[in-house]
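Residue-level structure breakdown
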Amino acid sequence: MKVKVISRSTDEFTRERSQDLQRVFRNFDPNLRTQEKAVEYVRAVNAAKLDKIFARPFVGAMDGHIDAVSCMTKNPNHLKGIFSGSMDGDIRLWDIASRRTICQFPGHQGAVRGLTASTDGRILVSCGTDSTVRLWTVPVATIAESDDSSNNSVKPLAVYVWKNAFWSVDHQWEGDLFATAGAQVDIWDHNRSQPVNSFVWGKDTVISVRFNPGEPNVLATSASDRSITLYDLRMSSPARKLIMRTKTNSISWNPMEPMNFTAANEDCNCYSYDARKLDEAKCVHKDHVSAVMDIDYSPTGQEFVTGSYDRTVRIFPFNGGHSREIYHTKRMQRVFCVKFSCDASYIISGSDDTNLRLWKAKASEQLGVLLPRERRKQEYLEGVKNRYKHLPEIKRIVRHRHLPKPIYKAAALRRTMTEAERRKHERRKAHSAPGSMSIEPLRKKRIIQEVE
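My aim in this report is to walk through the structure given alongside it, one point at a time. Treat the numbers as computed from the prediction; the structure is a model and nothing was measured.

**Topic: the overall build of the protein chain**
When helices and strands are tallied, the protein chain shows six helices and 29 strands. Once the C-alpha set of the protein chain is aligned to its principal axes, its extents read approximately 95 × 75 × 50 Å. Look at the contacts in the protein chain between residues 6 or more apart in sequence, and 52% of them connect residues 24 or more apart. One finds the centroid of the 71 positive side-chain charges in the protein chain at a distance of 8 Å from the centroid of its 53 negative side-chain charges.

**Quick word on the side chain of S308**
Mapped onto the fold, S308 is located in strand β23 (residues 303-308). On the basis of relative accessible area, S308 is assigned to the buried category, the value being 0%. The residues touching S308, leaving out its near neighbours within four places in the chain, are H288, S290, A291, V292, M293, R334 and V335.

**Brief notes about the sheet that holds strand β8 (residues 132-137)**
Strand order in the open sheet formed by four strands is β6-β7-β8-β9, with antiparallel pairing between adjacent strands. Every interior strand has two partners, whereas the edge strands, β6 (112-117) and β9 (156-161), have only one. Neighbour to neighbour, the strand axes of the sheet diverge by 15° on average, direction disregarded. Two elements, strand β7 (residues 123-128) and β8, share five bridges in a ladder whose sense is antiparallel. Each residue of the ladder has a partner; that of S126, found in β8, is R134.

**A look at the packing of aromatic side chains**
Under the counting rule described, the total for this entry stands at 14 aromatic pairs. Among the aromatic residues, ring-to-ring pairing joins Y160, W162, F166, F178 and W188 into one connected group.

**Remarks on the sheet that holds strand β2 (residues 69-74)**
What the four strands build is an open sheet, ordered β2-β3-β4-β5; its pairing is antiparallel. Only two strands of the sheet have a single partner each, and these edge strands are β2 and β5 (100-104). When strand polarity is set aside, the average angle formed by the axes of neighbouring strands in this sheet is 30°. Of the strand pairs in this sheet, strand β4 (residues 91-95) and β5 are connected by four bridges, and their pairing is antiparallel. Residue pairing across strands places L93 opposite C103, the latter belonging to β5.

**Overview of the environment of Q302**
For Q302, the position within the fold is in the loop between β22 (292-297) and β23. Looking at Q302, the relative accessible area reads 46%, which means it is partly exposed. Separated by 118 residues in sequence, Q302 and Q184 place their C-alpha atoms 32 Å apart. Discounting residues that sit within four places of it in the chain, Q302 has contacts with P317 and F318.

**Considering unusual backbone geometry**
The phi angle at S131 is positive, at roughly 65°, despite the residue not being glycine. By the secondary structure assignment, S131 is in the loop between β7 and β8. On the accessibility criterion, S131 (15% relative accessible area) is buried. Within the chain, R226 stands out as a residue other than glycine whose phi angle is a positive 70°.

**As for the nonpolar core**
In terms of nonpolar packing, the biggest core is built from 17 residues, with I228, L230, L242, W253, F261 and Y273 touching the most fellow members. Elements supplying a minimum of two residues to this core: β15 (218-223), β16 (227-232), β17 (240-244), β18 (248-253), β19 (260-265) and β20 (269-274). Core analysis: the second largest hydrophobic core is formed by 14 residues, I102, F105, A117 and V138 among them.

**What about a nonpolar patch on the surface?**
On the surface, M1, V3 and V5 cluster together into a nonpolar patch covering about 440 Å² of accessible area. Within the fold, V3 resides in the segment before α1 (10-13). Assessed through its relative accessible area of 59%, V3 is described here as exposed.

**Structural notes on the environment of F166**
By the secondary structure assignment, F166 is in the loop between β9 and β10 (168-171). For the pair F166 and A111, spaced 55 residues apart in the sequence, the C-alpha separation amounts to 9.8 Å. With near-sequence residues (within four places) excluded, F166 lies in contact with R113, C127, G128, T129, S131, T132, V133, T180, A181, D186 and W188.

**Quick look at the packing of helix α2 (residues 36-53) against helix α4 (residues 392-399)**
How two helices sit against one another is set out by the angle between their axes and by the gap between those axes. The geometry of α2 relative to α4 is characterised by a closest axis approach of 9 Å and an angle of 10° between their N-to-C directions. The orientation of α2 with respect to α4, classified from their angle, is roughly parallel. Of the residues in α4, those touching α2 at Y41, A44, V45, A48, K49 and K52 are E393, I394, I397 and V398. A class-by-class count of the residues in the contact of α2 with α4 yields seven nonpolar, no polar and three charged.

**Considering the pairing of β19**
For β19, the tally of buried residues reaches six of six residues, placing the bulk of the element in the interior. With burial as the criterion, each face of β19 is covered, one bearing N260, T262 and A264 and the other bearing F261, A263 and N265. As paired elements, β18 and β19 share five bridges and run antiparallel to each other. The residue bridging I251 from the neighbouring strand is A263, located in β19. In the sheet, β19 pairs with β20 via five bridges, with the strands oriented antiparallel.

**Some remarks on α2**
Side chains that are three or four residues apart share a direction in an α-helix, a result of its 3.6 residues per turn. When the terminal C-alpha atoms of α2 are compared, their 26 Å separation across 18 residues agrees well with the 26 Å that a helix rising 1.5 Å per residue should span. Of the residues making up α2, those classed as buried are E40, A44, V45, A47 and A48. For α2, the angular spread of buried residues about the axis comes to 160°, placing them on one side. The secondary structure elements touched by the buried residues of α2 are α3 (372-387) and α4.

Scoring rules and cut-offs
- Along every chain, residues carry numbers that run from 1 in the direction the sequence is written.
- With pLDDT at 70 or above as the cut-off, local features in this predicted model cover only qualifying residues; side-chain atom pairs require 80 or more to be listed or tallied, and sums for whole chains, interfaces and linings still use all residues.
- Values shown for side chains rest on all heavy atoms present in the structure; no hydrogens or waters enter the calculation.
- Numbering of helices and strands runs from the N terminus, with a helix taken as a DSSP run of H or I at least four residues long and a strand as a DSSP run of E at least two residues long.
- Any pair of residues with heavy atoms lying within 4.5 Å of one another is described as a contacting pair.
- Here the positive residues are Lys and Arg and the negative ones are Asp and Glu; neither His nor the chain ends is included.
- We put the charge of a Lys on NZ, of an Arg on CZ, of an Asp on CG and of a Glu on CD.
- For each residue, the accessible area found with a 1.4 Å probe, counting protein chains only, is set against the maximum for its type, and the residue is called buried under 20%, exposed over 50%, and partly exposed in between.
- For two strands to be treated as a pair, DSSP must find at least two bridges joining them.
- Fitting a line to C-alpha atoms yields each axis, with helices limited to the stretch in contact; the angle taken between N-to-C directions then spans 0 to 180 degrees.
- Aromatic pairing here means that ring centres of Phe, Tyr or Trp (its six-membered ring) are within 6.5 Å. Orientation follows from the plane angle: under 30 degrees is stacked, over 60 is edge-to-face, and everything else is tilted.
- Nonpolar cores are built from buried Ala, Val, Leu, Ile, Met, Phe, Trp, Tyr and Cys residues. Side-chain atoms within 4.5 Å join them into one set.
- Exposure above 30% relative accessible area and no salt bridge define the residues that can form patches, which grow by joining like charges within 9 Å and nonpolar side chains of Val, Leu, Ile, Met, Phe, Trp and Tyr within 5 Å.
- Surface accessibility follows the Shrake-Rupley procedure with a 1.4 Å probe radius. Residue values consider only the protein chains on display as shielding.
- Put simply, a salt bridge is a Lys or Arg side-chain nitrogen that is within 4 Å of an Asp or Glu carboxyl oxygen.
- Note that the term roughly parallel is reserved for angles under 35 degrees, roughly antiparallel for angles over 145, roughly perpendicular for angles of 65 to 115, and oblique for everything else.
- In this classification, the charged set is Asp, Glu, Lys and Arg, the nonpolar set is Ala, Val, Leu, Ile, Met, Phe, Trp, Tyr, Cys and Pro, and all remaining amino acids, among them Gly, are polar.
- To estimate the expected span of a helix, subtract one from its residue number and multiply by 1.5 Å.
- This arc describes the spread of directions from the helix axis toward the C-beta atoms.

Function cannot be read off these values alone, since they describe shape.
Here it is as C-alpha cells:
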C-alpha cells in the first residue's frame, strides 16, 4: 500500500537572520496560472511606457573649442579619455567623467582632419590640412589635477612634413604602423620621418582610412571618386576596389566580426559589406535624411552609431535596416564625428557648433550602481518586452520618436519620392514584355562595379 506523506523541512522556509527576505515558493504550472500571459503583456506595455518616461539620453556638453569639431579618437588605455580636434588646429584631451579639458596639443596651422592613438595609448598621432603629421606623448592625467589643467599644453614628440594635405589617419590595432589618407595612402612608422610604403589607385583624394581589428595588415579606404578600396600591407598593390553611385564619407569595421565593415554614405544610407564578397551589401541601414558624415561601431559589435549632416545622431543594430534610437538637441548643428565609449555605455558626438556632447547609449538606462534585485527586475522587464515586441501596441510605443519638424518633413518627402519611384517601376513593368524588366534589389542598386 502506498502512503503519500507531505514532507517539509523547516530549513527551507526559515530565515537565517531577521534581515533576510522571506522565501516565497511559486508553482509555475500553467493550469494554475491561467492569466499569466495577460499579466505579462500588461507588464510589457508598462515597461515600454516607463522606458519612454525615463528616456533622458543627454548627459552633458563639453565646451572649449572655438571652431567646429572635425575629428575624435578614443584612448584605448584610458576609459575616461577622449581626444578631439577642431577646424582651427586645436587638439584637446578630455576627461569624460568631469567633462573638462585635461590638456591641449597646440601646433597645427590648419584644420585637424585626423586623430588616432597607438595601441598602448601612449602616443597620439594627428594630421591636418597643413600637410604635417605630428606625434604627441599622451600625459598620464587624472582627475586629481588642479582646476587650471586646461592650460596644460604638450610639445610634439615629432613633426613630419609631407607634400600634400591629409584627410584622415588610423593606427594599427596591433603594431607600430599608422596610415594617412590624402592624395594617396601612406604607411608610416613611429620612428621614420618618411612613409615606409605608399599606395595609389586613381587620381582622387582618399578621405578616410581604417585598419582591420582582426588582421593588422588589412585596411579599407574611401575616396572622393565614390570608391571603397581594400589594401593589404603584405602586397605591393591594392587588393580590391568597389565603386558606388555616391561618395562614402567614413568606414568602420565590426570589432566582433572583423570581416564585415559598414560604410557611411552621402545618399543618407549606411551599407554593411562582407570584405570577401563586395558585389552586394549585406544590409542597407536607412533613416537619415542627409549625408551620413561619420560612423563608429560599439565594442560589442552589436550596434553602431552614426552622425549626420541633418543634425542628428542615430544608433542602428548591426543587422537592422532602421535605427533603434535618434538623438538631437535644439542647439546641436551638423554632426561631423561620433564615437562609442570603450565600455559601450556612452556616445560622444562632435558637431559644427564647437561642442562635444555626451549621450547614454541606452536612453532610459539608470546611471550609478544597481542593486542585484534592481538588475534582475530590469532584466526581467527587458525579457518580457522582447517577448511581446511584435504586438502592435508595444511596437508602436517602442518605435515612437518625437522628431524636429525639418527632419520629420524631409523624411516624409523622401518616403513620397521612394514610393513614386516604386510605382513608376511597377507601371513600366506592367506595360513591358514579361521578363524584360528585372527588379534590382537596393543592396545591389547603389553599386556600379567591383574592380579586382
